[in-house]
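Fold and contact review
So the chains spell out like this:
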Amino acid sequence: MALNPYTSIEHGQPGRVGCLIHYVEETPSTQEVARALAADGAPQGTVVIAERQSAGRGRMGRGWHSPPGVNLYMTVILRPRIALAEVATLSLVAGVAVAEAIETVAPGLVELKWPNDVWLRGRKAGGIIAEAVTDQHSRLACVLLGIGLNLNLSAEQIPAELRDRATSVFIATGRRCDRVAVANSLFLRLHSRYMETETHGFGAVREAWERYSALTGKRVTAVDAGARLTGTVAGIDSDGALLLDTADGQRRIVAGDVTLEGAYD
Ligand code: BTN
């Protein structure tokens, strides 16, 4: 049995991100471990970290490559006082926190690709998924915020079909980083950005998100509810929607996928 490398992280007050850390050596997905803990009443801020996932999940039914020993796979249980429709903004809030944490090990390299990809040198090094759990009255009970970060993954460990799109901190910088230090810094940043949003709404972290935006000013194609739209990204609005200047005027993209012209998605 592998030792839990995250024991040195200070837990902090109940309710803070990382106040309880459940470390598992292997699981299909930390999202499911967190879902079960949340159903048992786990407090806000509880974090599940896995050394390895056998069926890691990405957005839109994709998988998440999760080999052991090199990366960070975690889910945070949040119990926000927001409407169901606002849950997607939490993945943008998490994006800012992730960018700030990655900045400490890859200064000047991190960008965010709407809605929730973390890029280093134009390739994906991380992803975020926000899954809402509702109660019997269809009200928001909690959010399972899943974060996967490629930290010390080597190029050889990337499956061949992802090699032209995926990267890691190690590949982008040539330096290995301390996973526990990155996790700790992420917990602190996430807690602080989450509190800011709870108090002032998503608008408060929007500017920080825009500073990391990989797409602003770029030509992209967006697929939203089956429709394809091409235009130049103007930014994001206070609800987290992507603003696209098209030949027919400005459009809001609220969900879906965006492809940068001349790059991989
Ligand atoms: C994406 O970019 O599509 C989102 C990827 C999210 C991956 C993380 S890894 C930890 C957590 N557990 C999962 O099964 N998925 C998320």
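All of these numbers come straight from a predicted model, not from anything done at the bench. (Residues numbered from 1 in each chain as written. Predicted model: local features only at pLDDT ≥ 70, side-chain atom pairs only at ≥ 80, totals over all residues. Heavy atoms only, no water.)

1. Some words on the overall build of the chain
- Secondary structure summary: the chain contains five helices and 12 strands in total.
- For a compact globule of 265 residues, the expected C-alpha radius of gyration is about 18 Å, and the chain comes in at 18 Å, within 12% of that figure.
- Along the first, second and third principal axes, the C-alpha set of the chain runs to 55 × 50 × 30 Å.
- Looking at the 265 residues of the chain, the share that counts as buried comes to 51%.
- Looking at the chain alone, contacts between residues at least 24 apart form 63% of all its contacts between residues at least 6 apart.
- If you sum the accessible surface of the chain, you get close to 12000 Å²; carbon and sulfur atoms cover 51% of it. (Helix = DSSP H or I, 4+ residues; strand = E, 2+ residues; numbered from the N terminus. Rg over C-alpha atoms; globule rule 2.2 N^0.38 Å. Buried < 20%, exposed > 50% of the residue type's maximum accessible area, 1.4 Å probe, protein only. Contact = heavy atoms within 4.5 Å. Areas by Shrake-Rupley, 256 points an atom, 1.4 Å probe, with all protein chains shown as cover.)

2. Focus: the packing of helix α2 (residues 87–103) against helix α4 (residues 179–200)
- Direction vectors running N to C along α2 and α4 enclose 140°, while the axes themselves pass 8 Å from each other. When the interaxial angle is binned, α2 and α4 end up oblique. In the crossing of α2 with α4, the sense of the turn from one axis to the other is right-handed. Residues Leu90, Val93, Ala94, Val96, Ala97, Val98, Glu100, Ala101 and Ile102 of α2 form the contact with α4, whose own contacting residues are Val182, Ser185, Leu186, Arg189, Leu190, Arg193, Tyr194 and Thr197. (Axes fitted to C-alpha atoms, helices over the stretch in contact; angles between N-to-C directions. Parallel < 35°, antiparallel > 145°, perpendicular 65-115°, else oblique. Left-handed = near helix turned anticlockwise from the far one by under 90°.)

3. Looking at the site of the ligand
- What surrounds the ligand is a group of 19 residues, the closest being Ser29, Gln53, Arg57, Arg59 and Lys124.
- A distance of 2.7 Å separates an oxygen atom of the ligand from a polar atom in the side chain of serine 29.
- Contact distances for the ligand include 2.6 Å between an oxygen atom and a side-chain N or O atom of lysine 124.
- Considering the ligand on its own, with 420 Å² of exposed area, one finds that the protein chains cover 99% of that surface.
- More than half of the atoms of the ligand fall within 2 Å of the grid points belonging to the largest pocket.
- Secondary structure elements with two or more residues in the shell around the ligand: α1 (30–39), β3 (72–78), β6 (123–134) and β7 (140–149).
- Here the residues of the shell around the ligand sort into five nonpolar, 10 polar and four charged. (Near = heavy atom within 4 Å. Polar contact = N/O pair within 3.5 Å; in protein donor to acceptor, adjacent residues only side chain to side chain. 1 Å grid on protein atoms, 1.4 Å probe; cavity = no way out; pocket = protein on both sides within 12 Å on 5 of 7 lines; lining within 4 Å. Sits in = over half its atoms within 2 Å of the grid points. Nonpolar A, V, L, I, M, F, W, Y, C, P; charged D, E, K, R; others polar.)

4. Remarks on the pairing of strand β1 (residues 20–27)
- For β1 and strand β2 (residues 46–53), the ladder comprises seven bridges, and the chain directions are parallel. By the bridge assignment for β2, tyrosine 23 is matched with isoleucine 49.
- At this point the chain moves from β1, through α1, to the parallel β2, and the crossover so formed is right-handed. (Pairing = 2+ DSSP bridges. Right-handed = clockwise from strand over helix to strand, strands pointing away.)

5. Remarks on the pairing of strand β11 (residues 249–253)
- Pairing of strand β10 (residues 242–246) with β11 involves five bridges; the strand directions are antiparallel. Bridge assignment links leucine 243 to a residue of β11, and that residue is arginine 252.
- As consecutive antiparallel partners, β10 and β11 are separated by two residues.

6. Details of the domain arrangement of the chain
- If you check the domain split of the chain, you get domain 1 (7–211) and domain 2 (219–261).
- Once you take the C-alpha centre of each, domain 1 and domain 2 turn out to be 24 Å apart.
- In this complex, domain 1 contributes 14 residues to the contact, which on the side of domain 2 involves 15 residues.
- Both sides of the domain 1 and domain 2 interface together cover about 1100 Å² of buried area, and 60% of this is carbon and sulfur.
- Seen at the junction of domain 1 and domain 2, the total is two salt bridges.
- The shortest N-O distance in the salt bridge between arginine 62 and aspartate 257 comes to 2.4 Å.
- Where domain 1 packs against domain 2, one counts six residue pairs in polar contact (both at pLDDT 80 or more).
- Counting residues per element, the ones that place at least two in the side of domain 1 that touches domain 2 are α2 and α5 (203–212).
- For the side of domain 1 that touches domain 2, the class distribution of residues is seven nonpolar, two polar and five charged. (Domains from an automatic or database assignment. Buried area = accessible area lost by both parts, 1.4 Å probe. Salt bridge = Lys/Arg side-chain N within 4 Å of Asp/Glu carboxyl O.)

7. Some details on the side chain of serine 91
- As for its position among the elements, serine 91 is in helix α2.
- Every residue in contact with serine 91, bar those within four places of it in the chain, is listed here: Asn116, Ile128, Ala130 and Leu145.

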